[in-house]
Each structure stands twice: as structure tokens, then as C-alpha cells.
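One letter stands for each residue in the lines below.
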Amino acid sequence: SQQGEEDPQALSIQEGENATMNCSYKTSINNLQWYRQNSGRGLVHLILIRSNEREKHSGRLRVTLDTSKKSSSLLITASRAADTASYFCATVSTGNQFYFGTGTSLTVIP
Amino acid sequence: DTAVSQTPKYLVTQMGNDKSIKCEQNLGHDTMYWYKQDSKKFLKIMFSYNNKELIINETVPNRFSPKSPDKAHLNLHINSLELGDSAVYFCASSQFTLSTDTQYFGPGTRLTVL
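A quick note: this is a predicted structure, and the numbers were derived from the prediction, not measured. (Residues numbered from 1 in each chain as written. Chains lettered and ligands numbered in written order. Predicted model: local features only at pLDDT ≥ 70, side-chain atom pairs only at ≥ 80, totals over all residues. Heavy atoms only, no water.)

Q: Hey, could you run me through the sheet that holds strand 3 (residues 19-24) of chain A in this one?
A: Paired through backbone hydrogen bonds, the strands of a sheet run either parallel or antiparallel to each other. Residues and elements named next belong to chain A. Taken in spatial order, the five strands of this open sheet run 1-3-8-7-6, and their pairing is antiparallel. The sheet is open, and its two borders are formed by strand 1 (5-7) and strand 6 (55-58), each paired with just one other strand. Strand-to-strand twist across the sheet, computed as the mean angle between neighbouring axes with direction ignored, equals 15 degrees. Summarising the sheet, strand 1 and strand 3 pair through three bridges and their orientation is antiparallel. Bridged to Glu5 within strand 3 is Ser24. (Pairing = 2+ DSSP bridges. Helix = DSSP H or I, 4+ residues; strand = E, 2+ residues; numbered from the N terminus. Axes fitted to C-alpha atoms, helices over the stretch in contact; angles between N-to-C directions.)

Q: Can you help me understand the interface of chain B and chain A in this one?
A: Often, the extent of an interface is quoted as the loss of accessible area upon association of its parts. Contact with chain B, which involves 18 residues of that partner, is made by 19 residues of chain A. Around 1600 Å² of area is buried between chain B and chain A when both sides are counted, 54% of it from carbon and sulfur atoms. Summed over the shared surface of chain B and chain A, the result is three residue pairs in polar contact (both at pLDDT 80 or more). Those elements that place two or more of their residues in the side of chain B that touches chain A are strand 4 (31-37) and strand 5 (43-50) of chain B. Each residue belonging to the side of chain B that touches chain A can be placed in one class, and the counts come to nine nonpolar, six polar and three charged. (Contact = heavy atoms within 4.5 Å. Buried area = accessible area lost by both parts, 1.4 Å probe. Polar contact = N/O pair within 3.5 Å; in protein donor to acceptor, adjacent residues only side chain to side chain. Nonpolar A, V, L, I, M, F, W, Y, C, P; charged D, E, K, R; others polar.)

Q: Is there a simple way to think about the state of the cysteines in this case?
A: Two cysteines form a disulfide when their sulfur atoms are joined by a covalent bond. Residues and elements named next belong to chain A. Across all of its chains, the model carries two disulfides over all chains by this definition. Paired through a disulfide, Cys23 and Cys89 show a sulfur-sulfur distance of 2.0 Å. One disulfide, between Cys23 and Cys89, carries an S-S torsion of 65 degrees and so falls in the right-handed class. Residue Cys23 is found in strand 3, and its partner Cys89 is found in strand 9 (residues 85-93); the two are separated by 66 residues along the sequence. (Disulfide = S-S within 2.5 Å.)

Q: What's the story with the confidence of the model for chain A in this structure? I'm lost.
A: The predicted coordinates of low-pLDDT regions are not to be read in fine detail. In this model, chain A carries an average pLDDT of 91, and 97% of its residues clear a pLDDT of 70 or more. Model confidence for chain A, summarised as mean pLDDT per element, is weakest for strand 10 (residues 98-100) of chain A at 83 and strongest for strand 7 (residues 61-66) of chain A at 98. (pLDDT = per-residue confidence, 0-100.)

Q: Would you explain the nonpolar core in this entry?
A: A general trend in soluble globular proteins is that nonpolar side chains are found buried together. Formed by 22 residues in total, the largest nonpolar core has its most connected members in A:Met21, A:Leu32, A:Trp34, A:Leu74, A:Ile76, A:Tyr87 and A:Leu106. Elements represented by at least two residues in this core include exactly strand 2 (10-14), strand 3, strand 4 (29-37), strand 5 (43-50), strand 7, strand 8 (71-76), strand 9 and strand 11 (104-109) of chain A. Discounting chain neighbours no more than four positions away, the residues touching A:Leu32 are A:Cys23, A:Tyr25, A:Ile47, A:Leu48, A:Ile49, A:Leu65, A:Ser72, A:Cys89, A:Ala90 and A:Thr91. Among the nonpolar cores identified, the runner-up in size contains 20 residues, and B:Tyr49, B:Leu74, B:Leu76 and B:Ala87 belong to it. (Core = buried A, V, L, I, M, F, W, Y, C linked by side-chain atoms within 4.5 Å. Buried < 20%, exposed > 50% of the residue type's maximum accessible area, 1.4 Å probe, protein only.)

Q: I'm lost on the sheet that holds strand 7 (residues 64-70) of chain B in this one. Help?
A: All names here are of chain B. The strand order across the open sheet formed by four strands is 1-3-8-7, and the pairing between neighbours is antiparallel. A single partner strand is all that each edge strand has here, and the edge strands are strand 1 (4-7) and strand 7. Strand-to-strand twist in this sheet, taken as the mean axis angle between neighbours without regard to direction, amounts to 20 degrees. Looking at chain direction, strand 7 and strand 8 (residues 73-78) are connected through five bridges and run antiparallel. When the sheet's bridge partners are listed, Lys67 is paired in strand 8 with Asn75.

Q: Hey, could you run me through the pattern of salt bridges in this one?
A: Taken as a whole and judged by the stated rule, the model has five salt bridges over all chains. Between A:Arg60 and A:Asp83 there is a salt bridge, with its nearest N and O atoms 2.9 Å apart. In this pair, A:Arg60 sits in the loop between strand 6 and strand 7 while A:Asp83 sits in the loop between strand 8 and strand 9, placing the two residues 23 residues apart along the sequence. Linking B:Arg63 and B:Glu82 is a salt bridge whose minimum nitrogen-to-oxygen distance equals 3.5 Å. Linking B:Arg63 in the loop between strand 6 (53-57) and strand 7 with B:Glu82 in the loop between strand 8 and strand 9 (87-94), this pair joins segments that are 19 residues apart in sequence. Since its relative accessible area comes to 40%, B:Glu82 is described here as partly exposed. In the salt-bridge network here, residues are joined through shared partners; they are B:Arg63, B:Glu82 and B:Asp85. (Salt bridge = Lys/Arg side-chain N within 4 Å of Asp/Glu carboxyl O.)

In C-alpha cells form, the structure reads like this:
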């Protein structure tokens, strides 16, 4: 099966609230990446976190990585309607295999 | 300027036909990729080329053949199209390889096989 499983599959929140998405994977990784996909569009890279890093920030985004649990989380703070999209984690394994997760569909209600 | 472009954006065709999707990147990247996204939004890597050489070739029917005339272009040719080929196909590029680098995606080509 695929490498990354994301949780929840769908998330609906009010504007201004925080959104948290989780990603679990199965094998050792070199890095883990988060992407956003707006409806009908291509993917946009958000953050890359390497296996020796535990946390990274970019604007309102915060990504954590726990390699012992083989999991990562993406936190979007103070969400906006424009954050409505699908969010995918992607892992690059130590064997250089690349997998996308199943995605979380986020809806931010104005 | 568009970084990664694909043509066509939409492609509707009959079963059994042969079709091509073109991809170009103007980022000067060394590596290009093709992905398939099915109706459930599951994304799967198909191929990867680095400097015109195939480096990733996942389990894909041999009806799919990538062609890289130069490192800025990676085209996808599909023979004998089947209903199950209907999906959105994304091209992407990165400066180096997957293990160290992020990817830039094209807008996608929605292929519908009737």
C-alpha cells in the first residue's frame, strides 16, 4: 500500500480557527514534504522537513516530525477561507522511493 | 512566466487511441516527473528523468512511454488508451533529485477516455 496515510480525510473549520492534519508513514525517510492542492489545480509545495529535524515553521504553517512514531503533522494557524484546499504529505524514503499520502480535504468556512 | 506547463489541459478521446501530453519547464531544473492522480485524488509517481535519463520507472503499463528530448521537456505518450487511464496527469520538476529537493508541479492534464 502507499507510504503515507493522512488523518483526517476531511476537516471543516471556521475562519480564524487552527487546522491540524496528520500524516503517518511506514519506512525510514530522508525527508517529508507537505503540498497544497486547490481544486482543479496542480500541487504547490509548502514545507520540506528533513529526517533530522523535528519542527519547521513557515508563516502560519508549522510542521512537526516524529521519526520514532513515523508521523508528521501540519498545523495551519488562524485559518482563512483561502486555505480551503487538499493537503498532501509526501515522503522520500531512504531507498529514494517517493509516495504521496491520501490527502486531507480542508474547508474553511468564512 | 509559467514555470511548469502542460498541454493540453483537457484531453477527451476514445478507447484504443494513442495520445501524447507535453510538459515543459523553464526553471532550469535537472529532473522531471510524471504523476497520475485518480478520481480519489490518490497521487502516484509514474516516471522520473534526470538530465534526459530515466531514473524512476514505477510499475506502469508499457503502453505509457515517456520521452525526454532535452532536460526542459518530458512528454508522455500513451498507446491503446483504456477506460482506466482516465485521470489527471501532472508533470513536475525539481532542481536535483527527490531525496533533497522540492518539486514544482504543472497545472495538470485531465484525460477522459470514453
